[in-house]
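Residue-level listing of the chains:
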Amino acid sequence: MFVSDAPAGASFKVKRVLLDKEVGKRLADMGFTEGAEGAVVRGGFLRGPFQVRIRGYDILIRRSEAAGIEVEPVGDWSAARDARGRGRGFRHGHGRGCGCSE
Amino acid sequence: MRNDMQGFTKTLKIALAGNPNAGKTTLFNALTGAHHKVGNYPGVTVEKREGSVRRGGREYRFVDLPGIYSLTAYSIDEVVARDFILDEAPDLIVDVLDSTNLERNLFLCLQFQELGIPVVGALNMSDEAQAKGIDIDEKALGAVLGLPMAKTVGPKGGGIDRLLDLIDEAAGAGDGADKTIRYGSEVEDRLEPLERLIASDARFASRFPPRWLAVKLLEKDAKAYERLADHPKAAEIGRLAKSSIDWLEKHYAKDAEIVISEQRYGYIHGAVKESVRIVKKPNFSLTESIDKVIMNRFLALPIFVAVLWGVFKLTFALGEYPMAWFESFFGWVSELALAAIPEGFLRSLLVDGIIGGVGGVFSFVPLIVILFFLLSILEDVGYMSRAAFATDKVLHAFGLHGQSVFPMMLGFGCSVPAIMAARTLKSRRDRIVTILVIPFMSCGAKLPVHVLFAAAFFPKRASEMVMLIYAIGVALSLVSAWALRKTALRGDPTPFVMELPPYRAPTLRGVLWHVWEKTWHYVKKAGTVILASAILIWAITSFPVSEPSEAELESLAAAFSAEHPEAAPEELEAYLETAAAEYSLERSAAGSIGKFIEPAFRPLGFDWKIGVASVTGFAAKEVVVSTLGILYRVGTEESEESESLREALQRDSGFTPLIAFVFMLFTLVIPPCFAALATIRSELGWKWLGFAFAFMLGLGWILGFAVFQIGSVLAAS
Ligand SMILES: Nc1nc2c(ncn2[C@@H]2O[C@H](COP(=O)(O)OP(=O)(O)OP(=O)(O)O)[C@@H](O)[C@H]2O)c(=O)[nH]1
Ligand SMILES: [Mg+2]
C-alpha cells in the first residue's frame with residue numbers, strides 16, 4: 001500500500017520511501033522513516049496534491065511523491081473511505097495519534 | 001576560568017538556524033531590535049542578515065539564516081544557510097525549534113551538535129505548544145540531548161534573557177562534541193575507522209569535524225565529498241566510505257542515507273518520549289475547521305481566485321477617497337505656486353516638473369499602502385501555502401510549481417523581493433521560469449499607470465479595466481511559462497514537498513512595520529529617482545526654448561479660423577496658446593528624442609509623447625506617470641487653472657480608449673524597472689537577463705501592435 005492509495009482520513013505507518021535519492025532523502029529528513037505514524041488529511045482530488053500529517057505536522061506532496069511512500073494501513077481504511085463517501089469529511093480522531101508520541 | 005575570560009571579552013558570532021518557519025527571524029528581531037520580514041510561510045528569509053546586541057559588555061552578533069531541514073541542502077536559500085554554518089565558523093548556533101513540532105525540528109539539531117560547535121536550543125512557539133497541550137520539560141530534554149534549552153515566544157520576546165544567559169554559559173563551556181548522538185553499533189563500527197582516518201590529518205580535522213564529515217560521507221552528501229578532496233588521504237577515505245556504505249546497504253537493505261535518517265529519528269523519538277508529555281488532546285482545531293472550506297477540493301481554487309480578486313477590489317475601493325484627497329491637495333498646492341511665483345522657468349520647474357511629476361506619483365500612496373497591507377496579511381495568516389495547494393495542479397500543467405505561487409504573489413507588490421523569493425524553488429529550471437514570469441505580475445509601481453488610464457478612458461469601468469490588466473498579466477505568465485517549458489527550459493517535472501503551517505493571527509506590529517517600510521520605500525523613490533527624472537524630463541521638455549514666430553502663429557490662426565468659422569475669439573486664443581506650447585515642446589530636446597523614437601511606437605498607435613513616457617519607465621514604473629504629468633501639463637500653465645493629469649490626458653487628441661488600453665498592456669508586458677532587471681541579473685546572470693529583456697520587449701511590442709491594429713480595424717468597421 002502507498003500513501004496515494006489511502007483515502008482521506010486514513011492512518012498509516014511508514015514502511016519505506018521508494019523514491020529517487022534527492023526526494024527520498026528529503027522525505028526521510030522530514031520524518032518519513034520506518035515506523036513513523038501518519039495520516040492522509042486530504043487530497044489526491046483530480047490528481048492534485050495530498051496533505052499528509054506526519055510526526056505531528058502537515059506536509060503537502062504531489063501524487064507522484066505519495067505513490068513512492070510505502071505504508072502499512074493502521075485502522076480500517078475502508079471506514080475512512082465510507083466516512084468520506086457519506087460526505088462527512090475525514091474523521092478527526094484518526095489523524096491525531098501521530099503527535100509527539102508514536 | 002581562563003576559558004571563561006576569553007569567551008567573555010570577545011564578540012560572539014551566533015548563527016540563528018533551524019527549520020523553516022520556526023520563528024528565527026521573529027526571534028532575531030526580538031533579540032536585535034531589527035524589523036526584518038516575518039511571515040507564516042516556510043521560506044520567507046532567503047538571505048542571511050546580521051544584527052547585534054550588547055549586554056553586559058559583550059557583543060552578540062546574530063546572523064539570521066534561511067530555514068533548513070537538514071545540513072544536506074537542496075535549494076539556494078538552504079545552501080546559504082548551510083555554507084554559513086559550515087564555512088564561516090560561528091562561535092555558537094542557536095537552534096530555533098518549533099515546539100509544536102519537536103521531532104522534525106530536533107532532526108537538524110543533532111546535525112548541528114555533530115559539527116562540534118556549541119548549540120543552544122530555543123524552544124520557540126512555546127505559547128502554541130502550551131495551547132496545544134504539549135508539555136515540554138526543557139531541562140530533561142536538554143539533558144538527554146546534551147544541550148541547554150530555553151523556552152521562547154518570539155513575537156513577545158519571551159525567554160530572550162534566559163536565552164542570552166544560556167548563550168553566555170555555552171560560549172564559555174567549549175564545544176559539545178562529546179554529546180553527539182550514537183547511531184547504533186552497526187553504524188558506529190563503520191564511522192569509527194572513517195573518523196580516525198579523517199582525523200589523521202590534523203590540519204584538515206581542524207577545519208572539518210571528523211565525526212560530522214564521516215557521517216556526511218555515509219549520507220553520500222555531495223558537498224562533503226567535495227570538501228574531502230582537500231584531504232591528503234582523500235582517495236583512501238573515499239574507498240573506505242564506499243565499502244562502508246555498501247556494507248550498510250546490504251545489512252539494512254536500504255540506502256545508507258536513509259539508515260542514518262532513521263537512526264536519528266529513532267534517537268529523537270526516545271528523547272522526546274522521556275521529556276514531552278501530551279497533557280490534553282485537543283479535539284477542536286481552528287486550522288482544521290478553516291481548511292475544510294479553504295482547502296476543500298472543489299472550493300480551493302475558486303477561493304484563491306476570489307481572494308486575489310478581493311485584494312484588488314478592496315484596494316481600489318478603499319483607496320479611491322484618500323487618492324482624491326491627495327489629488328486635490330496637489331491641485332491646491334500648484335494653484336498656490338502659480339499665484340505666488342511670477343511666470344518663468346522657476347515656476348514652470350516647480351509647477352510642471354515637481355508638483356506635476358512627483359505629486360502625480362504621490363497621489364497613489366494610499367493604493368500602495370492598502371495593497372501591501374492586504375498582501376502582507378495573507379502571508380502572515382498562512383494563506384500562501386494554501387494557495388500553493390490550491391494552484392499546484394494548474395501551475396503544474398503550465399510548467400510552473402506550487403511553490404511558484406508565493407514569489408508570484410509577492411510580485412503584485414514588487415518584483416525585486418519576488419524574484420529573490422524564487423530561491424526557495426529547488427529545481428533551477430523551475431526557478432528560472434518563475435523569475436522570468438514574475439514581471440508579468442503587475443507590480444505596485446505599475447498600478448498608478450493602470451489606474452490613471454483606466455480612470456481617464458474607462459471612467460465607468462475603471463476598476464474592471466485594471467482587473468482585466470491584472471488578469472492578462474497572470475494569463476501571460478502562465479502561457480509564457482508553458483512556452484518556455486516547451487522550448488528553452490524543457491525537463492522533467494520536479495517534486496513538490498512543502499510543509500503546511502497552521503493559521504496564525506497576524507502580528508499587527510509586524511504587518512504595519514512591513515507596510516510602513518514599503519510605503520517609505522515608495523515615498524523615498526518619489527523623492528529621489530522620480531524627482532530626479534521629473535527634473536530631467538522637465539529640463540529636456542523646456543530646452544532648447546523656441547517660440548513660434550509671428551508669421552507661424554498667423555498661419556496657425558488662419559488655419560483654425562478656416563476650420564472653425566464660427567469659433568469665438570477666446571477659443572481662438574486658447575487654441576493658439578496650446579498650439580504655441582505644443583510648438584515649443586516639439587522642438588525641445590524631448591521632442592527631438594521623441595520624434596526620433598516615434599517610428600518604433602507608431603505601429604502601436606503611440607505618438608512621440610507616449611513613446612517617451614514608456615521609455616522613462618525603466619527608471620521606475622511610476623516615472624511613466626510623472627513624465628506624462630510633465631508632458632501633458634506644459635500646455636496649461638498659462639491658463640492659470642489647474643487641471644488633473646487625468647483630464648489633460650482625456651483632452652489630448654493623441655489618446656483614444658484603444659490607445660490607452662494598448663499603452664496599459666504595453667506597460668504591463670515590457671521589461672520591468674532597472675532595479676528588477678538588476679535583480680534578475682544577480683539571480684540568473686547576464687545571459688538570462690538578456691533573454692528576459694528581449695522576450696518581454698518583443699512580446700510587449702507584438703501584443704501592442706496586434707491589439708492596436710485589430711482594434712483599429714474593428715473600430716473602423
Ligand atoms: N505563536 C507564536 N508564533 C510565532 C512565534 N515565533 C514566530 N511566530 C510566527 O511564526 C511565523 C514564522 O516566523 P518567522 O520568524 O518568519 O520564521 P522563520 O524561521 O524566520 O521562517 P523562514 O525565514 O521562512 O525560514 C510568523 O507568522 C511568526 O509570527 C512564537 O513564539 N509563537
Ligand atoms: Mg526568517
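Note that the structure is a prediction, hence the values are computed from the model and not measured. (Residues numbered from 1 in each chain as written. Chains lettered and ligands numbered in written order. Predicted model: local features only at pLDDT ≥ 70, side-chain atom pairs only at ≥ 80, totals over all residues. Heavy atoms only, no water.)

**What about the pattern of salt bridges?**
Alright, step 1. For the structure shown, the criterion picks out 48 salt bridges over all chains.
Alright, step 2. Two residues, A:Arg16 and A:Glu70, come together in a salt bridge whose shortest N-O distance is 3.2 Å. Note that A:Arg16 is positioned in strand β1 (residues 11-17) and A:Glu70 in strand β5 (residues 69-74), a separation of 54 residues in sequence.
Alright, step 3. The partly exposed category is assigned to A:Arg16, whose relative accessible area is 44%.
Alright, step 4. In this structure, B:Glu219 engages B:Lys216 in a salt bridge whose closest nitrogen and oxygen atoms are separated by 3.1 Å. We note that B:Glu219, like B:Lys216, is buried. (Salt bridge = Lys/Arg side-chain N within 4 Å of Asp/Glu carboxyl O. Helix = DSSP H or I, 4+ residues; strand = E, 2+ residues; numbered from the N terminus. Buried < 20%, exposed > 50% of the residue type's maximum accessible area, 1.4 Å probe, protein only.)

**Thoughts on the coordination of the magnesium ion (ligand 2)**
Residues and elements named next belong to chain B.
Alright, step 1. Donor atoms from the polypeptide that bind the magnesium ion (ligand 2) are Thr25 (OG1) and Thr45 (OG1), placed at 2.0 Å. Within this pair, whereas Thr25 is found in helix α2 (residues 24-32), its partner Thr45 is found in the loop between α2 and β2 (49-55), the two being separated by 20 residues in sequence. No difference in accessibility class separates Thr25 from Thr45, as the two residues are buried. (Donors = N, O, S within 2.8 Å, 3.2 Å for Na, K, Ca; no water.)

**Some remarks on the pairing of strand β4 (residues 92-98) of chain B**
As a general feature of sheets, a regular strand has side chains that alternate between the two faces.
Residue and element names in this part refer to chain B.
Alright, step 1. The element β4 is extensively covered by neighbouring structure, given that 7 of its 7 residues are classed as buried.
Alright, step 2. Side chains Leu92, Val94, Val96 and Asp98 of β4 all project onto a buried face; the interleaved residues Ile93, Asp95 and Leu97 project onto the opposite face, where all are buried too.
Alright, step 3. Here 5 bridges tie strand β1 (residues 12-18) to β4, and the two strands are oriented parallel to one another. Bridge assignment links Ala17 to a residue of β4, and that residue is Asp95.
Alright, step 4. The sheet contact formed by β4 and strand β5 (residues 119-124) spans 6 bridges and is parallel. When the bridges of β5 are listed, Ile93 appears paired with Val119. (Pairing = 2+ DSSP bridges.)

**Points about the domain arrangement of chain B**
Alright, step 1. Domain parsing of chain B yields domain 1 (5-179), domain 2 (185-278), domain 3 (300-486) and domain 4 (545-587).
Alright, step 2. Put simply, the middle of domain 1 of chain B and the middle of domain 4 of chain B, counted by C-alpha atoms, are 74 Å apart. (Domains from an automatic or database assignment.)

**Here we look at the sheet that holds β5(B)**
Residue and element names in this part refer to chain B.
Alright, step 1. Spatially, the 6 strands line up as an open sheet ordered β2-β3-β1-β4-β5-β7, and their pairing is mixed. The open sheet is flanked by β2 and β7 (149-151), the only strands paired with a single partner. Geometrically, the sheet is characterised by an average inter-axis angle of 25° between neighbouring strands, direction not taken into account.
Alright, step 2. Pairing of β5 with β7 involves 3 bridges; the strand directions are parallel. Within β7, the position partnered with Ala122 by the bridge is Ala150.
Alright, step 3. Running over the sheet, helix α3 (residues 76-87) touches β1, β3 (58-64) and β4 and is turned about 145° from β1.
Alright, step 4. Along the sheet, helix α7 (residues 160-172) makes contact with β1, β2, β3, β4, β5 and β7, crossing β3 at roughly 105°. (Axes fitted to C-alpha atoms, helices over the stretch in contact; angles between N-to-C directions. Contact = heavy atoms within 4.5 Å.)

**With respect to the packing of aromatic side chains**
All names here are of chain B.
Alright, step 1. On inspection of all chains with the given rule, the structure shows 29 aromatic pairs over all chains.
Alright, step 2. Between Tyr41 and Phe406, the aromatic rings sit 3.9 Å apart at their centres with planes inclined by 15°, giving stacked as the arrangement. Separated by 365 residues along the polypeptide, Tyr41 in the loop between α2 and β2 and Phe406 in helix α19 (residues 405-411) bring together distant segments of the chain. When sorted by exposure, Tyr41 lands in the same class as Phe406, which is buried.
Alright, step 3. Members of the aromatic cluster, each reached through a chain of ring pairs, are Phe453, Phe457, Phe601, Phe606, Tyr632, Phe655, Phe663 and Phe666.
Alright, step 4. Over the face of the ring belonging to Phe107 we find Arg264, whose NZ or CZ atom lies 5.3 Å from the ring centre.
Alright, step 5. A cation over an aromatic ring shows up here: Lys621 above the ring of Phe618, its NZ or CZ 5.2 Å from the ring centre. (Phe/Tyr/Trp six-rings, centres within 6.5 Å; stacked < 30°, edge-to-face > 60°. Lys NZ or Arg CZ within 6 Å of the ring centre and 35° of its normal.)

**Side note on the packing of helix α4 (residues 102-114) of chain B against helix α13 (residues 256-275) of chain B**
All names here are of chain B.
Alright, step 1. For the pair α4 and α13, interaxial distance at closest approach is 9 Å and the crossing angle is 110°. Taken together, the axis directions place α4 and α13 in an arrangement best described as roughly perpendicular. The element α4 and its partner α13 pack so that their crossing is right-handed. When α4 is examined against α13, the residues Glu103, Arg104, Leu106, Phe107, Leu110, Gln111 and Glu114 are found in contact with a partner set consisting of Ser261, Arg264, Tyr265, Tyr267, Ile268, His269 and Val272.
Alright, step 2. For the contact of α4 with α13, the class distribution of residues is 7 nonpolar, 3 polar and 4 charged. (Parallel < 35°, antiparallel > 145°, perpendicular 65-115°, else oblique. Left-handed = near helix turned anticlockwise from the far one by under 90°. Nonpolar A, V, L, I, M, F, W, Y, C, P; charged D, E, K, R; others polar.)

**Notes on the confidence of the model for chain A**
Residues and elements named next belong to chain A.
Alright, step 1. Counting all residues, the mean pLDDT for chain A is 79, and 76% of those residues have values of 70 or more.
Alright, step 2. Looking at the elements of chain A, mean pLDDT is at its lowest for helix α4 (residues 92-96), recorded as 40, and at its highest for strand β4 (residues 57-61), recorded as 95.
Alright, step 3. Low pLDDT, under 50, characterises residues 85-102; the stretch is placed with 40 contacts to residues that sit more than four places away or in other chains. (pLDDT = per-residue confidence, 0-100.)

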